[in-house]
Amino acid sequence: MAGQKKWIEIVMPQLAESLVSATIAKWLKKPGDPVEQYEPICEVITDKVNAEIPSTVEGIMGEIAAEEGRTVAVGELICRMEVHAAAGTGIVADSSTHESSSTAASESEPQDADGSMRGRYSPAVQSLAAEHGLDLKDVPGTGMNGRITRKDVLRYIQEGAHRNQQAVISNHVDRESTQQEDMRSAADATGYAAEQAMPVRHSGIHLSETPKIPKIEMEGFPQGRAEQYIDVTPVRNAIARNMRQSVSEIPHAWTMIEVDVTNLVTLRNKLKDEFKRSEGINLTYLSFLLKAVVNAIKDYPIMNSVWAVDKIIVKRDINIALAVGTEDSVMTPVIQRADTKNIAGLAHEIDDLARRTREGTLKLDDMQGGTFTVNNTGSFGSILSYPIINYPQAAILTFESIVKRPVVINDMIAVRSMANLCLSLDHRILDGVISGRFLQRVKENLESYSLETKLY
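Residues numbered from 1 in each chain as written. Predicted model: local features only at pLDDT ≥ 70, side-chain atom pairs only at ≥ 80, totals over all residues. Heavy atoms only, no water.

### Concerning the confidence of the model for the protein
Predicted confidence across the protein gives a mean pLDDT of 80, with 75% of residues reaching 70 or more. Within the protein, no element has a lower average pLDDT than helix α1 (residues 95–108), which sits at 38, and none a higher one than strand β16 (residues 395–399), at 98. In the predicted structure, residues 87–111 sits below a pLDDT of 50 and forms 26 contacts with residues beyond four places in sequence or in another chain. Predicted confidence for residues 167–181 stays below pLDDT 50, and this span has four contacts to residues more than four positions away or in other chains. (pLDDT = per-residue confidence, 0-100. Helix = DSSP H or I, 4+ residues; strand = E, 2+ residues; numbered from the N terminus. Contact = heavy atoms within 4.5 Å.)

### A short note on the sheet that holds strand β4 (residues 40–45)
On the basis of which strands lie adjacent, the open sheet formed by four strands has the order β5-β4-β2-β7 and antiparallel pairing. This sheet does not close on itself; its edge strands, each paired only once, are β5 (50–54) and β7 (71–73). Here the strands of the sheet are splayed against their neighbours by 45° on average, with no regard to which way each runs. In this structure, strand β2 (residues 21–27) lies alongside β7, joined through three bridges in antiparallel fashion. When the bridges of β7 are listed, Ser21 appears paired with Ala73. (Pairing = 2+ DSSP bridges. Axes fitted to C-alpha atoms, helices over the stretch in contact; angles between N-to-C directions.)

### Here's the deal with the nonpolar core
Among soluble globular proteins, nonpolar side chains are generally buried collectively. Judged by nonpolar contacts, the single largest core of 61 residues is most densely connected at Leu289, Ile320, Phe372, Leu421 and Phe438. Counting residues per element, this core draws most heavily on helix α9 (residues 285–299), which supplies 10 residues. With residues up to four places along the chain from it excluded, the contact list for Phe372 reads Val293, Ile297, Met303, Asn304, Asn319, Ile320, Ala321, Gln393, Ala395, Leu397, Leu423 and Phe438. The next biggest cluster of nonpolar side chains, apart from the first, holds 19 residues, and it includes Met12, Met61, Met81 and Val83. (Core = buried A, V, L, I, M, F, W, Y, C linked by side-chain atoms within 4.5 Å. Buried < 20%, exposed > 50% of the residue type's maximum accessible area, 1.4 Å probe, protein only.)

### Notes on the side chain of Arg356
With respect to the secondary-structure elements, Arg356 resides in helix α10 (residues 343–359). Accessibility expressed as a relative area gives 17% for Arg356, which makes it buried. Apart from the residues within four sequence positions on either side, Arg356 is in contact with Thr361, Leu362, Lys363 and Asp366.

### Examining the pairing of strand β15 (residues 372–375)
Burial along β15 is two-sided: the face carrying Phe372 and Val374 and the face carrying Thr373 and Asn375 are both buried. Where strand β12 (residues 320–325) meets β15, four bridges bridge the pair, whose relative direction is parallel. Bridged to Leu322 within β15 is Val374. As paired elements, β15 and β16 share three bridges and run parallel to each other. Paired with Thr373 across the two strands is Ile396, which belongs to β16.

### Structural notes on the side chain of Asn420
If you trace the backbone, Asn420 turns up in strand β18 (residues 412–426). Take Asn420: its relative accessible area is 11%, and that puts it in the buried class. A distance of 2.8 Å separates a polar side-chain atom of Asn420 from the backbone oxygen of Ile383. Apart from the residues lying within four places of it in its own chain, the contact partners of Asn420 are Met256, Ile257, Glu258, Ile383, Leu384, Thr398, Phe399, Glu400 and Arg405. (Polar contact = N/O pair within 3.5 Å; in protein donor to acceptor, adjacent residues only side chain to side chain.)

### Remarks on the environment of Lys272
Looking at the element boundaries, Lys272 is found in helix α8 (residues 262–279). By relative accessible area, which is 14% here, Lys272 ends up buried. Along the primary structure Lys272 and Asn282 are separated by 10 residues, whereas in three dimensions their C-alpha atoms are 6.9 Å apart. A polar contact is formed between the side chain of Lys272 and the side chain of Asn269, at a distance of 3.4 Å.

### Considerations on the environment of Leu430
Note on placement: Leu430 falls in the loop between β18 and α11 (432–447). Setting aside anything within four residues of it in sequence, one finds Leu430 in contact with Ile302, Met303, Ala394, Ala395, Leu425 and Ser435.

### Considering α11
The end-to-end C-alpha distance of α11 is 22 Å, a good match for the 22 Å that 16 residues give at a rise of 1.5 Å each. Looking only at α11, the buried set comprises Ser435, Phe438, Leu439, Val442, Lys443, Asn445 and Leu446. Angular distribution of buried residues about the axis of α11 spans 165°; they occupy a single face of the element. Residues of α11 that are buried in the fold lie against β9 (252–260), α8, α9, β15, β16 and β18. (Expected span 1.5 Å × (residues − 1). Arc of directions from axis to C-beta.)

Following this line, the structure appears as structure tokens:
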């Protein structure tokens, strides 16, 4: 009985405390495939992030109960696994029925000629490859049967193999193109040198590269029709649902204040080079803003609250959610207990969360517990915006582009670096007086930065 085969049911796990369901994005295993314990068997999409579901046992993949694209509740069956177990463990299924279903599924699933899994790519792998212009055939796979994982792609990018590939291609182009490619490679080698060399433009846009055009998959124009159809992805559907809930349930109000950040610009210009050398990351304006916001929330804790019908719940910990845009979505990873961090610590948190958001490596824990949201809309040149509140929080603040403008000071005209702060607020919790005072405190904090300000 020790070698008896048993059927184990795999159900949708509760990946986070507030998670009630998830959508199957892609099956990484098909019926008949061997599966190691803790090896990912499928990718799922939640309201927060994409995640991989690992197998809890070692065995053979059996029947798939939830097809790709289906939304599955926590605890609901997604597949069955065949395992060797002692009598009385697992769930026994009829072997003949399972064999026929397994065979049918195997015939419908494509497989490489050599039996490997190199040709099966997860959405995260395909997204990274498209972003960096990689040919996945050149990426060595370390997963089961040679399957290429996200870590393989990231390692390939870090090793610079794709740059070498581009250099080989450029040898067949004229000399001018080759020189341009060498200049780009030199800029990559120095890290942030190209960005730092960019002067502050009067438009307030600080760009080190041409803005990317998002890639949107859609059907071609049918004959005789002047319309195209774009499939709504699970992530986009989750964004639509959350935004609709916010604007439907929360009575939004909006206000804005202008801030003179000339001293902040001078301070950052003084510290950024040394900070880059010592810490290995860029010192951005956002880290200074977050410190100013956190200190203002300490003075006005009602900003750090949620509406609960018959009461208002004020949160003790100040957990700042950052709105980070990707090619096809917006994520809000959270800096936990931001009030305990200095400016340098906030800079590290911003760099880490932004990088992992764009790489698609965020965990569900990174998206939980936000109490106040900040969006750096100025990074793409915006000077005014009306953000939607990140439900169920009480407010969201946007930091607009820094623009040099003539300002009257003591009846004299001076050129100063100015920026707008825009605040959307839940009018059930907050009124104009408290919101105006909060914005004024953020303004005072930002304008109080000087050359003596410490990062640590």
